[in-house]
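Secondary and tertiary structure notes
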Amino acid sequence: MQRRPGSVRYLLGGKFHRLAFEESGGPGAPPVVCVHGLTRNGRDFDALAEALAGSWRVICPDLPGRGHSDWLDDSMLYQAQHYVTALAHLLAWIGRDVAWVGTSLGGICGMVIAASDGAPINRLVLNDVGPFMPADALGRIRDYMVASGDSPLMARFPDIEAVERHLRMVHAPFGPLSDQQWAQLARNSARALPDGRFTMHYDPRIGDPLRAHHPIDVDMWALWDRIRVPRLVIRGETSDILLPETFARMQASGAQGYEVPRTGHAPALLDPPQTGAIRSFLAG
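So, a few notes on the structure that sits alongside this text. (Residues numbered from 1 in each chain as written. Predicted model: local features only at pLDDT ≥ 70, side-chain atom pairs only at ≥ 80, totals over all residues. Heavy atoms only, no water.)

With respect to the packing of aromatic side chains
Under the definition given, this model contains one aromatic pair. Geometrically, the ring pair formed by F21 and W93 is tilted, given 5.0 Å between the ring centres and 45° between the ring planes. With a gap of 72 residues between them, F21 in strand β2 (residues 15-24) and W93 in helix α2 (residues 80-94) connect regions that are remote in the sequence. The class of F21 is buried, set by a relative accessible area of 4%. The ring centre of F281 lies 4.9 Å from the NZ or CZ of R123, which sits over that ring. Between the NZ or CZ atom of R249 and the centre of the ring of W221, over which it lies, the distance is 3.8 Å. (Phe/Tyr/Trp six-rings, centres within 6.5 Å; stacked < 30°, edge-to-face > 60°. Helix = DSSP H or I, 4+ residues; strand = E, 2+ residues; numbered from the N terminus. Buried < 20%, exposed > 50% of the residue type's maximum accessible area, 1.4 Å probe, protein only. Lys NZ or Arg CZ within 6 Å of the ring centre and 35° of its normal.)

So, in structure tokens, the structure goes:
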């Protein structure tokens, strides 16, 4: 599978920034946009892109401050509404209706866009996120992101193997991945430093907005009720972000559901059963 790099420019905070992406599949095929979670990047969808590329044009952006996208001068702009601004420019560049696959933060952005009048999203896949997120789970993420001194956002690793060991610990909820999958995840998560060490492939200031607020329950049911397109919701069996009762209510409102066993927040979408469920849903 050949990945084609690209970018679009978007205006935010009085300055134009570059939003990077990679695409695969036929340029004339129906597009699907895949958007990653908080500390991740577009390479998380390599396995899904390979599964879809025969029938879809798969576009995987790096959110601002992640991967190959520009870092923002003002760290307080690292918030969902501003990611939506950047992604709206990508959608305008695509210029036609798209399917959307969003993991965690990427799913939040997808819900906001899909609930908007005239939104160009025709199918929506949410990976372990929904219209209600409990404060306790958000607090866990906040504590991970903003710890001082030894924060993983600031960590320096001597080699890729050390990155992998770190990811196996902090992303254990991704599920029972193979050694090869963990190694690939590490390669896609790391950025080489001039001194030969490695760090994570994002701006360490993406946690600043979390530091500025005390976590509270997030209730977006009114937003959810405005979404009219077909929806697939994927849940990790032990997820603390997408609670069982939220998952059940989403299904009761018409969404399809798929639960991944022995997995928390969030399923890595690397295994054939997970990518196959998404492919079947997108095929209609």
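So, next bit.
Some points on the sheet that holds strand β11 (residues 231-236)
Strands sit in the order β1-β2-β4-β3-β5-β6-β11-β12 across an open sheet of eight strands; the sheet is mixed. The sheet terminates laterally at β1 (4-12) and β12 (256-260), the two strands that pair on one side only. This sheet shows a mean twist of 20° between the axes of neighbouring strands, independent of strand direction. In this sheet, β11 lies alongside strand β6 (residues 121-127) in parallel orientation, the contact comprising four bridges. Along β11, the bridge assignment pairs L126 with V233. Together, β6, β11 and β12 form the strand contacts of helix α9 (residues 244-252), whose direction differs from that of β12 by roughly 150°. (Pairing = 2+ DSSP bridges. Axes fitted to C-alpha atoms, helices over the stretch in contact; angles between N-to-C directions. Contact = heavy atoms within 4.5 Å.)

Quick word on α9
Residues of α9 that are buried: T246, F247 and M250. Down the axis of α9, the sector holding all buried residues measures 100°, keeping them to one side. Residues E245 and A252 are exposed on α9 and point more than 90 degrees away from its buried face. Note on α9: the residue one or two positions beyond its end, G254, has a positive phi of about 115°. (Arc of directions from axis to C-beta.)

Structural notes on the environment of A20
In this fold, A20 is placed in strand β2. Given a relative accessible area of 3%, A20 falls into the buried group. Along the chain, A20 and R66 lie 46 residues apart, while their C-alpha atoms are 9.1 Å from each other. The residues touching A20, leaving out its near neighbours within four places in the chain, are G6, S7, P61, D62, H68 and S69.

What about the layout of surface pockets?
Taken as a whole, the largest pocket encloses approximately 1300 Å³ of empty space. For the largest pocket, the lining is made up of 46 residues, of which L38, L105, L138, I141 and L210 are closest to its centre. Those elements giving two or more residues to the lining of the largest pocket turn out to be α2, α3 (105-114), α4 (135-146), α5 (160-170) and α7 (208-211). It is α4 that provides the largest number of residues to the lining of the largest pocket, a total of six residues. Residue classes in the lining of the largest pocket are distributed as 31 nonpolar, 11 polar and four charged. Volume-wise, the second largest pocket comes out at about 290 Å³. As for the second largest pocket, its lining consists of 14 residues, and the residues nearest its centre are D46, A47, Q184, N188 and L270. Residue assignment for the lining of the second largest pocket shows that the elements contributing at least two residues are α1 (46-52) and α6 (179-189). Tallying contributions element by element places α6 first for the lining of the second largest pocket, with six residues. (1 Å grid on protein atoms, 1.4 Å probe; cavity = no way out; pocket = protein on both sides within 12 Å on 5 of 7 lines; lining within 4 Å. Points joined across faces, edges and corners; volume = space filled by probe spheres on them. Nonpolar A, V, L, I, M, F, W, Y, C, P; charged D, E, K, R; others polar.)

Comments concerning the pattern of salt bridges
According to the stated counting rule, one finds 14 salt bridges in the structure shown. The salt bridge partner of E23 is R4, with a shortest N-O separation of 3.6 Å. In this pair, E23 is assigned in strand β2 and R4 in strand β1, connecting sequence segments 19 residues apart. Judged by its relative accessible area of 25%, R4 is partly exposed. Salt bridges here are not isolated pairs; linked through shared partners, they connect R3, E22, R43 and D46. (Salt bridge = Lys/Arg side-chain N within 4 Å of Asp/Glu carboxyl O.)

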